[in-house]
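Results of the structural survey
Residues per chain, in single letters:
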Amino acid sequence: MYSVIIVEDDPMVAAINRQYVEMEPAFSVKKEFRTAKEALAWLELVDLIILDYYMPLMTGKEFIDRLHSMGLAPAVIMVTAASDVAIVRELLSRGVFDYLVKPFECARFRQALARFAATRTYLKGDSRLEQSEIDRLLSHSGAEAPARLEKGLGETTLAMIRGFLKEHAGEAFSSEQVAEQVHLSRITIRRYMN
């Protein structure tokens, strides 16, 4: 399970972000913060930060710079109204994983989470990556168009299950064993395997 914090000064946007994150069973929101300074004071290790740019006391860029000065580089998805070229360029140069401009659609938010999960899966092992896999990692759209999933199924969960199966190619597992390894329910695994 991927741990997430949300750093957003607008309570309504923070609630939407939380709702979208929690739609994906592979993600869990640990805490929400209204300022970047509050988040820095709490600062526990997390996998992903959903971050706004315009906040009181410290901008999203300043927050990322502070994290880097502390030797930390968690994945960051910007969810912000900041769309000026200079700001986008600065944030991308600081390693921002993805960038969503408000107002955004749920599908685009979920795509960012799915891409994050797929990237983590690809980079988890010690094996070599094929060029096509690296191309997929570096592309927002992916080298292949994703197939449409049935209602109720998510790209993030599918990427997690595929990643596990890829890591254990040639091995046989029951749905119970896969569920235990990827921290999902047996019923969820069966739905995806079907």
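A brief report on the enclosed structure follows. (Residues numbered from 1 in each chain as written. Predicted model: local features only at pLDDT ≥ 70, side-chain atom pairs only at ≥ 80, totals over all residues. Heavy atoms only, no water.)

**So, the pattern of salt bridges**
Oppositely charged side chains may form a pair once their charged atoms are brought near each other. Keep this limit in mind: Salt bridges are identified by distance alone: a Lys or Arg side-chain nitrogen within 4 Å of an Asp or Glu carboxyl oxygen. Numbered from the N terminus, helices here are DSSP runs of H or I no shorter than four residues, and strands are runs of E no shorter than two. Only protein chains enter the accessibility calculation, which uses a 1.4 Å probe; a residue is then buried when its area is under 20% of its type maximum, exposed when over 50%, and partly exposed in between.
In this structure the tally under the stated criterion is 13 salt bridges. The partner of Arg18 in a salt bridge is Glu32, and the shortest N-O contact between them spans 2.5 Å. Of this pair, Arg18 sits in helix 1 (residues 11-22) while Glu32 sits in strand 2 (residues 27-33); the two residues are 14 residues apart in sequence, bridging distant segments of the chain. Classification of Arg18 as partly exposed rests on a relative accessible area of 25%. On the accessibility criterion, Glu32 (24% relative accessible area) is partly exposed. Across the pair Arg120 and Asp47 runs a salt bridge, and its minimum N-O distance is 3.3 Å. In this pair, Arg120 is assigned in helix 5 (residues 106-124) and Asp47 in the loop between helix 2 (36-42) and strand 3 (48-51), connecting sequence segments 73 residues apart. With a relative accessible area of 31%, Arg120 lands in the partly exposed category. Taken together, the shared-partner salt bridges in this structure form one network comprising Arg18, Glu22, Glu32 and Arg34.

**A look at unusual backbone geometry**
Cis rather than trans, the peptide bond between Lys102 and Pro103 has omega equal to -10°. Along the chain, the position of Pro103 falls in the loop between strand 5 (98-101) and helix 5.

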